[in-house]
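Breakdown of the fold
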Amino acid sequence: MLVHGPIEVTLDDGQRLTSDRAATALCTCHLSRRYPFCDTSHRRRSGNRPAARSFVPIPQGDRMRSTGTPQPLTKSALPQARGPLSTAVLATLRGGTAAPYTPEIGSADIEQTDPYGDDLQLALHCCYELHYRGFAGVSDDLEWDPRLLELRRQIERLFLVALRADVPGGTDVAAEIDTLLVEPLDAGGVSHHLRQAGQLWQLREYVAHRSLYNLKEADPHAWVIPRLAGPAKASLVTVEYDEYGSGNPDRMHARLFAEMMTELGLSPDYGAYLDAAPAATLAEVNFISLCGLHRQLHGALIGQLVTAEATSSPASDRMVQAMRRLGCTAAAIEFFAEHIEADAVHEQLVRRGVIAPLLAAEPELAGDVVFGIQASTLLADRFSDLLLSRWAAGQTTLRTPL
Ligand SMILES: [Fe+2]
Ligand SMILES: [Fe+2]
């Protein structure tokens, strides 16, 4: 049950809990392990093994704490090139606007490039980063440099053609979301592995990968706000408000992620693991940036968002179990603990508050929403397959080990 708040809940024993979210999902089925807050335990599971549940209330006392510590907007250093495309982009970034442009890249060369490969994905990442924070020592004027925009456009087309060819497509948004909402008992993703048998070095690698997105969590979805209207816009902003800490900078999800990195002995600096990130990691983030920056892909961005929100809550629950088993501190675990409750809310808000009114007003967007769901699932599966296969062989999943 979605309640617009902030709210205070009084339990049967008189205990009072508060939630200062703009909207809170309350559990009405009593299956939640974070009762009275929803943790999506109500959802269908394919199989009939009964879930063991306890009813332990989560203290909410810290939610309103705010120190308001100033956070400098640090920039990433330029990465090392991985092939001709990224060499061309990086040469332009280093040379600035006055540099002669000799990328030595023709359209034919670009079309020979692996759309999911290191060179193309790093080149795309560098072009997109200009629209977030930019790079240290690189002119801000290059953000709208027509030479980079032209190269980016060709790269994007190649990436999009590959994605559209590799997903089944369709227009049945409800069926796609239904698939996301079923938890297969024999599922074998990264969070399943980490919960059951993950080791600390694997957890740290996973967090390093995710830092490419989570240190700018929710930023690409802010670009879609002017492209929505009415209830869809209001609900999207409600989700974003929660991602940005509901007015409390200490509760911003990107900030919680940085604190987790510090607790795990990783660098929380923006872009610290860019050189270490393989193409599969960059491709997931690039797809979000691509859909965020292109107005014609705003339906696909909403599809990506519902995929992330609908799958995050149970995965975050597994991550909390993994981190407890590995002896991580409460401060380290907080990022995933927060996402169990937060994304139970966000899933409902995106499905009912954003997608339903959006498709009622613009039914022709259904195919784009389906594309966003299928493409982000495909890229998430590629990332997951890479991690699990490397770990199974005892190998690092990063280009440079931690
Ligand atoms: Fe979040
Ligand atoms: Fe979320």
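All of these numbers come straight from a predicted model, not from anything done at the bench.

For the protein chain, the helix and strand inventory stands at 14 helices and six strands. The 402 residues of the protein chain split such that 43% are buried.

Segmentation of the protein chain into domains returns domain 1 (2-43), domain 2 (84-165) and domain 3 (171-392). The gap between the C-alpha centroids of domain 1 and domain 3 is 22 Å. Taken together, the 13 residues of domain 1 in the interface contact 16 residues of domain 3. Top element by residues in the side of domain 1 that touches domain 3 is strand β4 (residues 23-25). It accounts for three residues. The residue inventory of the side of domain 1 that touches domain 3, partitioned by class, reads six nonpolar, two polar and five charged.

With 28 residues, helix α12 (residues 298-325) extends 40 Å from end C-alpha to end C-alpha; this agrees with the ideal 40 Å at 1.5 Å per step. Along its length, α12 shows its largest kink, about 45°, at S312, and proline P314 lies within four residues downstream of that point. Buried residues dominate α12, accounting for 25 of its 28 residues. Trailing α12 by a residue or two, G327 shows a phi angle of about 80°, which is positive.

The next thing to look at is the pairing of strand β3 (residues 16-19). It is a general feature of regular strands that their side chains alternate between the two faces of the sheet. As defined by bridge partners, strand β2 (residues 7-10) adjoins β3 across four bridges and the pair is classed as antiparallel. Bridge assignment links T10 to a residue of β3, and that residue is R16. Connecting β2 to the next strand, β3, in antiparallel fashion are five residues, including G14 with a positive phi near 90°.

Attention now goes to unusual backbone geometry. Among all residues save glycine, negative phi is the norm, and among peptide bonds the norm is trans. Following G5, the chain continues to P6 via a peptide bond in cis, the omega torsion being 10°. Within the secondary structure, P6 is located in the loop between β1 (2-4) and β2. Here the bond from Y35 into P36 is cis, since omega is 15°, no more than 30 degrees from zero. Positive phi values are uncommon outside glycine, yet H30 reaches one of about 65°. Along the chain, the position of H30 falls in the loop between β4 and β5 (45-46).

This next bit is on helix α5 (residues 173-180). Working note: α-helix, 3.6 residues per turn, so residues spaced by three or four point in the same direction. For α5, the complete set of buried residues consists of V173, E176 and I177. The arc that holds the buried residues of α5, viewed along the axis, is 95°, so those residues lie on one side. Opposite the packed face of α5, turned more than 90 degrees from it, sit the exposed residues A174, A175, D178 and T179. Residues of α5 that are buried make contact with α12, α13 (330-361) and α14 (366-392).

This paragraph deals with the nonpolar core. Membership of the largest hydrophobic core comes to 103 residues, with the highest contact counts inside it found for V89 and A123. The element contributing the most residues to this core is α13, with 14 residues. In this structure, A123 is in contact with L85, S86, V89 and I155, ignoring residues within four places of it in sequence.

As a further point, take the packing of α12 against α13. Helix-helix packing is characterised by the crossing angle of the two axes and by the distance between the axes. Where α12 contacts α13, the axes come no closer than 7 Å and their chain directions differ by 160°. By the criterion of interaxial angle, the relationship of α12 to α13 is roughly antiparallel. Seen from above, α12 lies across α13 with left-handed handedness. Looking at side-chain class alone, the contact of α12 with α13 contains 17 nonpolar, five polar and six charged residues.

To continue, consider the packing of helix α1 (residues 84-95) against helix α4 (residues 146-166). Put simply, α1 and α4 touch, their axes get as near as 11 Å, and they point 160° apart. Between α1 and α4, the angle is such that the two are roughly antiparallel. By crossing handedness, the relation of α1 to α4 is classed as left-handed. Facing L85, A88, V89 and T92 of α1, the residues of α4 in contact are R147, L148, L151 and I155.

Conventions and cut-offs
- Residues numbered from 1 in each chain as written.
- Chains lettered and ligands numbered in written order.
- Predicted model: local features only at pLDDT ≥ 70, side-chain atom pairs only at ≥ 80, totals over all residues.
- Helix = DSSP H or I, 4+ residues; strand = E, 2+ residues; numbered from the N terminus.
- Buried ≥ 20, exposed ≤ 12 C-beta atoms within 10 Å, placed from the backbone.
- Domains from an automatic or database assignment.
- Contact = placed C-beta atoms within 7 Å.
- Nonpolar A, V, L, I, M, F, W, Y, C, P; charged D, E, K, R; others polar.
- Expected span 1.5 Å × (residues − 1).
- Bend = angle between axes of the 7 residues up to and from the residue.
- Pairing = 2+ DSSP bridges.
- Arc of directions from axis to C-beta.
- Core = buried A, V, L, I, M, F, W, Y, C linked by C-beta atoms within 7 Å.
- Axes fitted to C-alpha atoms, helices over the stretch in contact; angles between N-to-C directions.
- Parallel < 35°, antiparallel > 145°, perpendicular 65-115°, else oblique.
- Left-handed = near helix turned anticlockwise from the far one by under 90°.

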